[in-house]
Amino acid sequence: MNRYQLEEQLWKEGHQRVMGLDEVGRGCLCGPVVAAGVIIDPQSRLSDRIMDSKKLSKTEREELALQIKEHSLFWAVRNCSPEEIDQINILKASIRAMLKCVETPGADADYLLVDGNRFTSVMTPYSCIVKGDDRSASIAAASVIAKVERDRMMAELHKKYPFYGWDRNVGYPTKEHYSSLEKHGYTKHHRKSFKLRTDVLCEVDRSAIDAE
């Protein structure tokens, strides 16, 4: 599969800063939704191993993330917090996180390739690409660095809340996660607008509030 076909066509049309955009964590019960934007250098192709981050091992993603950051013209990782998700809903928060990447100083993208079928009105021309992380190298690259960053964030949160298994499920609605929610309650990092199956705040966060 030629994952550069979309980019090659845009490069031929004169676009030199084509940004691929993707987000990770949309279906999770907790943690931020994390987006990344990557502008591939037309003169320096990335590894053919770059593909949808879900199809790669943790080690492969981390190795590729370093390569992407080193050899791309530009990259950015941004997120929307659980509070933002609860305020505006997960779809709008996912789009907002991607927009934050586009608006990062130095990006100067002249075309956007957006994973999925929904985006928003922006000055920069764009195309929505369904299953874009399998069809576009720049979107795939964005999915890799977004996944690596979000997994890192959830691993850090796991140290404070080890009973939810976030080092393994990274916040997704697994049986283990739901079981721990029922036993321990929700945290300040959970998305209250999602179905958490509990209305009890966990002891760790209750103790922090009591100490203030």
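Calculation notes
- Residues numbered from 1 in each chain as written.
- Predicted model: local features only at pLDDT ≥ 70, side-chain atom pairs only at ≥ 80, totals over all residues.
- Heavy atoms only, no water.
- Core = buried A, V, L, I, M, F, W, Y, C linked by side-chain atoms within 4.5 Å.
- Buried < 20%, exposed > 50% of the residue type's maximum accessible area, 1.4 Å probe, protein only.
- Helix = DSSP H or I, 4+ residues; strand = E, 2+ residues; numbered from the N terminus.
- Contact = heavy atoms within 4.5 Å.
- Disulfide = S-S within 2.5 Å.
- Pairing = 2+ DSSP bridges.
- Axes fitted to C-alpha atoms, helices over the stretch in contact; angles between N-to-C directions.
- Expected span 1.5 Å × (residues − 1).
- Arc of directions from axis to C-beta.

## Quick look at the nonpolar core
Okay, step 1: One finds Val 38, Ile 40, Leu 46, Ile 50, Ile 68, Leu 113 and Ile 145 to be the most contacted residues of the largest nonpolar core, which totals 27 residues.
Okay, step 2: Residue assignment for this core shows that the elements contributing at least two residues are helix H1 (5–12), strand E1 (18–24), strand E2 (33–39), helix H2 (58–71), strand E4 (111–115) and helix H6 (137–160).
Okay, step 3: Examining the composition of this core, we find that eight residues originate from one element, H6, more than from any other.
Okay, step 4: Listed in part, the 23 residues of the second largest apolar core include Ile 90, Met 98, Ala 109 and Phe 119.

## Brief notes about the environment of Ala 109
Okay, step 1: Position of Ala 109 among the secondary structure elements: in the loop between helix H4 (90–102) and E4.
Okay, step 2: On a C-alpha basis, the gap between Ala 109 and Pro 125 in space is 9.3 Å, while along the polypeptide they are 16 residues apart.
Okay, step 3: Aside from chain neighbours lying at most four places away, what touches Ala 109 is Arg 17, Met 19, Ile 39 and Thr 124.

## Focus on the state of the cysteines
Okay, step 1: Applying the stated rule across the entire model yields zero disulfides.
Okay, step 2: Looking at the unpaired Cys 30, the closest cysteine sulfur is the one in Cys 28, lying at 6.6 Å.
Okay, step 3: With no disulfide of its own, Cys 128 lies 15 Å from the sulfur of Cys 101, the closest cysteine sulfur.
Okay, step 4: Residue Cys 128 is classed as partly exposed on the basis of its relative accessible area of 28%.

## Focus on the sheet that holds strand E5 (residues 126–129)
Okay, step 1: The five strands lie next to each other as E3-E2-E1-E4-E5, forming an open sheet whose pairing is mixed. Edge positions in the sheet fall to strand E3 (74–80) and E5, since each of these pairs with one other strand and no more. When the angles between neighbouring strand axes are averaged without regard to direction, this sheet yields 20 degrees.
Okay, step 2: Judged from the four bridges that link them, E4 and E5 form a sheet pairing that is parallel. The residue of E5 that forms the bridge with Val 114 is Cys 128.
Okay, step 3: Each of E1, E4 and E5 touches H1; the most contacted strand, E4, lies at about 165 degrees to it.

## Here's the deal with unusual backbone geometry
Okay, step 1: A positive phi angle, near 85 degrees, is found at Asn 89, a position not held by glycine.
Okay, step 2: Along the chain, Asn 89 turns up in the loop between helix H3 (82–88) and H4.
Okay, step 3: Since its relative accessible area comes to 36%, Asn 89 is described here as partly exposed.
Okay, step 4: Non-glycine residue Asp 108 carries a positive phi angle of around 50 degrees.

## Some details on the side chain of Asp 151
Okay, step 1: Tracing the backbone through its elements, the reader meets Asp 151 in helix H6.
Okay, step 2: The exposure class assigned to Asp 151 is buried, which follows from its relative accessible area of 16%.
Okay, step 3: Setting aside chain neighbours within four positions, we find Asp 151 in contact with Arg 61 and Val 170.

## Things to note about H2
Okay, step 1: Its 14 residues give H2 an end-to-end C-alpha distance of 20 Å, which sits within 8% of 20 Å, the value for a rise of 1.5 Å per residue.
Okay, step 2: Within the span of H2, buried status applies to Arg 61, Leu 64, Ala 65 and Ile 68. Projection of H2 onto a plane perpendicular to its axis shows the buried side chains occupying an angular sector of 115 degrees, all on one side. Residues of H2 that are exposed and angled more than 90 degrees away from the buried face: Thr 59, Leu 66 and Glu 70.
Okay, step 3: Each element contacted by the buried residues of H2 is listed here: E2 and H6.

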